[in-house]
Amino acid sequence: MQRVICIHPDDSMLVALADLNPGEVVTWNDESILVSSPVKTKHKLARRAFAVGEVMSMYGVPVGKATQPIRKGEAVTTENLAHHAAEVEIGESAPYTWTPPAVDDLAQATFDGVIRADGRVGTANYWLIFPLVFCENRNVEHLRNALERPLGYASDDLASLTFQLLGEDIEAPKPVVRPFPNLDGVRVITHNGGCGGTRADARSLCKVLSSYADHPNVAGITVFSLGCQNAQIGMFKDALAAQNPNFDKPVLIYEQQQWDSEDKMMKAVLQDTLAHLKDANKVQRRPVPLSHLKIGVKCGGSDGFSGISANPAMGYVSDMVVALGGSSILAEFPELCGVEANLIERCVEDEDKRRFLGMMRDFEARALAVGTHFADNPSPGNIRDGLITDAMKSAGAAKKGGTSPIVSVLDYGEQTDKKGLALLCTPGGDVESVTGIVASGANVVLFSTGLGTPTGNPIVPVLKISSNSRVAAKLNDMIDYDCGPIIEGKPLPEVARGLLDMVVATAGGQYKCKADRLQQYDFIFWKRDISL
């Protein structure tokens, strides 16, 4: 088995594919290196000696500066390397050229999509319930409990085990025949916003909620309001009108302070919602071209193999989707630090180059203003598994976006009608980022992980892609697709094609992602201001 790998010919480091011991000699092509200190799997060792202050690179870009002398063959760690990313300016450059992957055999391929009245295509058909303010989360949960099991959408829970542990002999509930077979489920959003913060955050929340309401995966919405909160019903309606002036889905809104009894309100909500589910059930899936795919790419719980296996495979899928006329969304701006030059080069429009660089600098300035920095992005788990600087993490994370041209740059919650790859400004946090990706219109999310993560989404399937086969086996109930074979030498295009097949099956309803099986329906909007 190959013991090390070099990602880019100009890299300062090799990646250990297994634990390496001092005195061991490792080879890469014609290069031999004597290991001079223990190097853990997924971590890096220096290809030559480095003096203090010298810049070290991976993926062909700077990822850090030596803070101590580093010997040839020594492990590169947080003790001897600090975050460093090259400064970026927008200059003259030749137009970006792209050679798309071969997709001729997929030109006639289809998936069974949910076609809305305006022609947009979803990958599921849900009724969505959410509050405008956190005070109404309890009523949202009450409505979910009133609907899920009677309508046949509830999964097995631990209640029967509780009865067994208590010594009770309780018969398991009988399966319910779903009265609305064409409705994939009743999904809910709960959150901690809508009041107590700034008006800007209330508007941002309403913008994101309106994007979810307008998403082609949603048939209609039930909305709870308290009455006195910042995120007023009028604010939400304005956001919905701005999102889609021709919005025509059912909207049921209930303001609790207008009722003299919560019980009366909840009974009315239940009765009205059930009546509209009959119409939501009339939608049926139809074959549509793969050009209707709009994927989002995200990573979380990343490890030292993520940028070698799972992320490049997702990037290849992104390129295939774009080549077929579809769209892809690359998010997580703190995890693009250090690769700005490549992304700027790929922007089709000069305005997008300026907007991207401006957003990156503004994000970094906001971080500095509260005493942190992009350098603080890698988590303890990232560092333990080989991602020791933000630039190193970013260089691997950016591989999720493939190589296609960038047709638009979006702020959180924004959407574009342009087909192709978009950059979306989100934080690196798993749920905040996925929430924003879905708000920007993604109808399938690909989520790579080296350590495992339970993140999902209420209205869009989130496929978990493992960077290594060990975590795929250990967390089999959580991981949908294993890219570990790439580490063992399996060709990346072959692995990526298998992943695309899973994306198509998921979009068409033939495959249910593990996040949905585990009811991982997460939502956190990006709150940028303080609480008042």
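First things first, this report covers the structure right here in the doc. Keep in mind that this is a model prediction, so the values were computed, not measured.

## Some points on the pairing of strand E13 (residues 185-188)
Both faces of E13 are covered, namely the face carrying Gly185 and Arg187 and the face carrying Val186 and Val188. As defined by bridge partners, strand E12 (residues 126-131) adjoins E13 across four bridges and the pair is classed as parallel. Pairing of Ile129 across the sheet is with Val188, part of E13.

## Overview of unusual backbone geometry
Phi is positive for Tyr59, which is not a glycine, with a value near 55 degrees. Inspection of the secondary structure assignment puts Tyr59 in the loop between strand E6 (55-58) and strand E7 (61-66). When its relative accessible area of 10% is taken as the criterion, Tyr59 is described as buried. The phi angle at Glu332 is positive, at roughly 65 degrees, despite the residue not being glycine. Of note, Glu332 is situated in the loop between strand E18 (327-330) and helix H7 (340-346). Residue Glu332 is classed as buried on the basis of its relative accessible area of 0%.

## Focus on empty space enclosed by the protein
Counted according to the given criterion, the structure contains two cavities of 30 Å³ or more. Every residue along the wall of the largest cavity is listed here: Asn192, Gly193, Gly194, Cys195, Gly197, Thr198, Asp201, Ala202, Asn230, Phe525 and Lys527. Counted by class, the lining of the largest cavity contains three nonpolar, six polar and two charged residues. Its volume calculated, the second largest cavity comes out at about 50 Å³.

## Details of the sheet that holds strand E16 (residues 285-289)
The strand order E11-E10-E16 describes an open sheet built from three strands, whose pairing is antiparallel. In this open sheet, the two edge strands, each paired with only one partner strand, are strand E11 (121-122) and E16.

## Some remarks on the packing of helix H3 (residues 199-214) against helix H11 (residues 430-439)
Between H3 and H11, the shortest axis-to-axis distance is 9 Å and the interhelical angle comes to 55 degrees. In terms of orientation, H3 lies oblique with respect to H11. Pair H3 / H11 crosses with left-handed handedness. For the pair H3 and H11, contact is made by Val208, Ser211 and Tyr212 and by Val434, Thr435, Val438 and Ala439, respectively.

## Some thoughts on the pattern of salt bridges
All told, the structure shown has 28 salt bridges when counted by the stated rule. For the salt bridge of Arg3 with Glu24, the shortest nitrogen-to-oxygen distance reads 2.9 Å. Linking Arg3 in the segment before strand E1 (4-5) with Glu24 in the loop between strand E2 (13-16) and strand E3 (25-28), this pair joins segments that are 21 residues apart in sequence. Overall, Arg3 belongs to the partly exposed group, its relative accessible area being 31%. Linking Asp263 and Lys267 is a salt bridge whose minimum nitrogen-to-oxygen distance equals 3.2 Å.

What counts as what
- Residues numbered from 1 in each chain as written.
- Predicted model: local features only at pLDDT ≥ 70, side-chain atom pairs only at ≥ 80, totals over all residues.
- Heavy atoms only, no water.
- Buried < 20%, exposed > 50% of the residue type's maximum accessible area, 1.4 Å probe, protein only.
- Helix = DSSP H or I, 4+ residues; strand = E, 2+ residues; numbered from the N terminus.
- Pairing = 2+ DSSP bridges.
- 1 Å grid on protein atoms, 1.4 Å probe; cavity = no way out; pocket = protein on both sides within 12 Å on 5 of 7 lines; lining within 4 Å.
- Points joined across faces, edges and corners; volume = space filled by probe spheres on them.
- Nonpolar A, V, L, I, M, F, W, Y, C, P; charged D, E, K, R; others polar.
- Axes fitted to C-alpha atoms, helices over the stretch in contact; angles between N-to-C directions.
- Parallel < 35°, antiparallel > 145°, perpendicular 65-115°, else oblique.
- Left-handed = near helix turned anticlockwise from the far one by under 90°.
- Contact = heavy atoms within 4.5 Å.
- Salt bridge = Lys/Arg side-chain N within 4 Å of Asp/Glu carboxyl O.

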